[in-house]
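# Summary of the model geometry
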Amino acid sequence: MESTGERLPEIAVFGPPAFFRKIEKEFSSRFRVLRTWNSDIPLPQLLASEAGHIEAILTSGVFRVTAEVISSLPSLHLIVTTSRGLDHIDLTQCRRRGITVTNAGTIFSDDVADLAAGLLIDVLRKITPGNGHVKNRFWTGDGDFPLGFKLGGKKCGIVGLGSIGLAVAKRLQSFGCQILYNSRNKNHSVPYKFHTDIKELAMDSDFLILCCALNNETRHIINRDILLALGKKGVVVNISRGPVIDEKALIHCLKLGEIGGAGLDVFEREPLFTSELFEMENVVLSPHVAVFTEESFKAMFDLIFANFNSFFMNKPLLNVVPLE
Amino acid sequence: MKNIGVLMMGPSYGYLEQELERRFKFFRYGSQPIPRDFIALHAESIHAIVSCVGMIIDARLIDPLPNLKIIACFSVGVDCIDMKKCAEKGIRVTNTPDVPNAEVADTAIALMIAVLRRIRVCDNFVRNREWLSNEFPLTTKLSGKRVGIIGLGRIGTAIAKRAEAFNCPISYISRSEKPNNSYKYYSTVTELASNCDILVVACDLNPETRHIVNREVIEALGARGVLINIGRGGHVHEPELVSALVEGRLGGAGLDVFEDEPHVPEELFGLENVVLLPHVGTNTVETGNDMADLVLKNLEAHFSGKSLLTPVL
């Protein structure tokens, strides 16, 4: 029987996750929070002195939960990440130690797919430049704004047909696009054309939408070769992870007109401070916000609270990542 | 048909101009009003007009052209043409229905995503190097929002089909209720606006639909509602729209059309929840060429004594 003087369970927070400050008060009313990001003491020391008893941590999708961090947390049983991606967590160590990892699951799939579609249309139909044309008082009515390009009837190549890729496919199909894809495995329940080879996918597509996880196989999978295969009118949209694209090669191809345009929410280095991309008109850039809507934010934090509460009450968790 | 005079009015469109020049006796006047001496000089030679969006064709132009037989519109809308006058004089009118439906529908969805997810603002944020020191604020999810469509014709239906793929429940108002769909019908625009999150104007412009989006409708749509206009500027009471946006009584707007193009109320320029386009609804290379081909086919059909492909009158 727990006494009424029982302390709140303690959670170490790393990152912190974006918008953590919005839920900080509520979080602190339910848990004791070890804020690892704003200490004067170096992290290894902080963990050694303060985190020996900590069983659960919350991390953003950007903070690297390395083997070193994990070994500084000898009591760790649960890692809750706010992202869907897992490339920032040493899963081998988690498996070895029997640590449970939970992620965002498919909470964000719709938002990410919405942005992917939005970035593609924006590049093709010049929505952002069009808005600039009007707001900068350049519109004279003489047909002076350049034409865009049609979506309907075009071939859309999706790299990675997981829950996000499927959501993107559904949306782009409604615009009359033909869907093709490359994925680890063929999906027999969809009518889309499967390409085993990503270069063949690029050759056969007018656009490439990158929806895959980042891992050793997908790092720089979109390189100069693939971009040239996509071609002069091709558009690349990236809402996965920056390193899926060889960014230098992309910039080079854009500069030389070897591909038609790009819509990018992610970059090899974030936040993006300086880039030749800033000078280009046929690209649309966004600051890694594909998941950041009010609605998804709320759903994410409801999930996090639910999982931490369940953990401390020994109840089943949601969105457990299979580590076997 | 080098003895057939065709006058093209409106903004430049290279492919169409080239083809008209190649096939007919070609006259070109880009803007309005066309000067009297131009008309006087060429009046007898003009047998056809190719007209673009925004070009007003009424008695002032029709009366002085004794040999005018057909007006082939390089657009779907024919609201700028005095149809009564044309009927009186037996002048045929054609348009380009359906060709640009998909593109107009795509533009409507593009505006929805751009407004809700603040794409342009995101792009500026990165290029202005604000990402280093600031977090971009949370935006609004599009998927699942209720979409209300004014006019469920071919364009309205194309918009509905796309919005459904974003899991948006669809409601609409139309001249008559359409069977065989799962969309909810409302009999007034105000009711429709009260029951949706995003209101899209997709109907024809005519005396009944002028200013169909007025103060009452805007208030019903409300401070979290978004208006998308890919119809005509005349569908919306523009001063009411501007004051509602400036005062925060309306949540946002995506506008491709305005009451007095290319003039756009400057109060809208600084608003992050407003996306403005220079009437590009159908403006793709592919669609423009398809529409131009249809204009050319209609002209050739008429002057060869064959049936028109897409007559309005």
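Refer to the preceding data block for the structure.
What comes next concerns the included structure.

Turning to the overall build of chain B, a few remarks are in order. Looking only at helices and strands, chain B features eleven helices and twelve strands. Compactness check: chain B gives a C-alpha radius of gyration of 21 Å against a globular reference of 20 Å for 313 residues, within 12% of the reference. Taken along the three principal axes of its C-alpha coordinates, chain B extends 65 × 50 × 30 Å. By sequence separation, contacts in chain B at least 24 residues apart represent 57% of the contacts at least 6 residues apart. Roughly 12800 Å² of accessible area belongs to chain B as shown, and the carbon and sulfur atoms make up 49% of that amount.

Moving on, we come to the interface of chain B and chain A. Across the contact, 60 residues belong to chain B and 63 residues belong to chain A. Interface area, chain B with chain A, both sides summed: about 5500 Å², of which 62% is carbon and sulfur. Here chain B and chain A share five salt bridges between them. Remark: the boundary between chain B and chain A carries 32 residue pairs in polar contact (both at pLDDT 80 or more).

Enumeration according to the criterion identifies 34 salt bridges over all chains in this entry. Close ionic contact of Lys145 of chain B with Glu295 of chain A constitutes a salt bridge, the shortest N to O distance being 2.6 Å. Of the two residues, Lys145 of chain B is situated in the loop between α6 (119-127) and β6 (147-150) and Glu295 of chain A in helix α11 (residues 294-312); the pairing between them involves two chains. Since its relative accessible area comes to 16%, Lys145 of chain B is described here as buried. Across the pair Arg215 of chain B and Glu219 of chain B runs a salt bridge, and its minimum N-O distance is 3.1 Å. Of the two residues, Arg215 of chain B and Glu219 of chain B are both situated in helix α9 (residues 215-221); the distance of four residues between them amounts to about one turn of the helix. Residue class for Arg215 of chain B comes out partly exposed when judged on its relative accessible area of 40%. Classification of Glu219 of chain B as partly exposed rests on a relative accessible area of 44%.

Residues and elements named next belong to chain B. The strand order β8-β7-β6-β9-β10-β11-β12 describes an open sheet built from seven strands, whose pairing is parallel. The open sheet has two edge strands with one neighbour each: β8 (184-185) and β12 (274-276). Taken together, the two bridges between strand β7 (residues 170-173) and β8 define a ladder with parallel strand orientation. Opposite Ser171, over in β8, you have Lys184 as the bridge partner.

So, about the environment of Ser75 of chain A. All names here are of chain A. Assignment of secondary structure puts Ser75 in the loop between α3 (67-71) and β4 (78-81). Ser75 sits in the partly exposed class, given a relative accessible area of 23%. In this view, Ser75 contacts Gly52, His53, Ile54, Glu55 and Arg97; residues no more than four positions away in its chain are not counted.

Formed by 92 residues in total, the largest nonpolar core has its most connected members in Phe27, Leu172 and Phe308 of chain A together with Ile159 of chain B. At eleven residues, the largest contribution of residues to this core is made by helix α5 (residues 101-117) of chain B. In this view, Ile159 of chain B contacts Ala105, Ala108, Ile109, Met112, Ile149, Val200, Ala202 and Ile230 of chain B; residues no more than four positions away in its chain are not counted.

What follows covers the packing of aromatic side chains. A full pass over the atoms with the stated rule returns 20 aromatic pairs over all chains. For the ring pair Tyr181 of chain A and Phe194 of chain A, a centre distance of 5.1 Å and an interplane angle of 50° mean the geometry is tilted. Linking Tyr181 of chain A in strand β7 (residues 178-182) with Phe194 of chain A in strand β8 (residues 193-194), this pair joins segments that are 13 residues apart in sequence. Residue classification places Tyr181 of chain A among the buried positions, given a relative accessible area of 0%. One aromatic cluster in this structure is built from Phe20, Phe27, Phe31, Trp37, Phe305, Phe308, Phe311 and Phe312 of chain A. If you follow Arg171 of chain A out to its NZ or CZ, it ends over the ring of Phe166 of chain B, 5.1 Å from the centre. The ring centre of Tyr186 of chain B lies 5.1 Å from the NZ or CZ of Lys184 of chain B, which sits over that ring.

Here we take up the side chain of Thr102 of chain A. All names here are of chain A. With respect to the helices, strands and loops of the structure, Thr102 is situated in strand β5 (residues 100-102). Among the polar contacts listed, one links the side chain of Thr102 to the side chain of Asn307, at a separation of 3.4 Å. Filtering out sequence-adjacent residues up to four positions away, Thr102 remains in contact with Leu78, Ile79, Val80, Thr81, Asn307, Leu317, Leu318, Asn319, Val320 and Val321.

Cut-offs used in this document
- Residues numbered from 1 in each chain as written.
- Chains lettered and ligands numbered in written order.
- Predicted model: local features only at pLDDT ≥ 70, side-chain atom pairs only at ≥ 80, totals over all residues.
- Heavy atoms only, no water.
- Helix = DSSP H or I, 4+ residues; strand = E, 2+ residues; numbered from the N terminus.
- Rg over C-alpha atoms; globule rule 2.2 N^0.38 Å.
- Contact = heavy atoms within 4.5 Å.
- Areas by Shrake-Rupley, 256 points an atom, 1.4 Å probe, with all protein chains shown as cover.
- Buried area = accessible area lost by both parts, 1.4 Å probe.
- Salt bridge = Lys/Arg side-chain N within 4 Å of Asp/Glu carboxyl O.
- Polar contact = N/O pair within 3.5 Å; in protein donor to acceptor, adjacent residues only side chain to side chain.
- Buried < 20%, exposed > 50% of the residue type's maximum accessible area, 1.4 Å probe, protein only.
- Pairing = 2+ DSSP bridges.
- Core = buried A, V, L, I, M, F, W, Y, C linked by side-chain atoms within 4.5 Å.
- Phe/Tyr/Trp six-rings, centres within 6.5 Å; stacked < 30°, edge-to-face > 60°.
- Lys NZ or Arg CZ within 6 Å of the ring centre and 35° of its normal.

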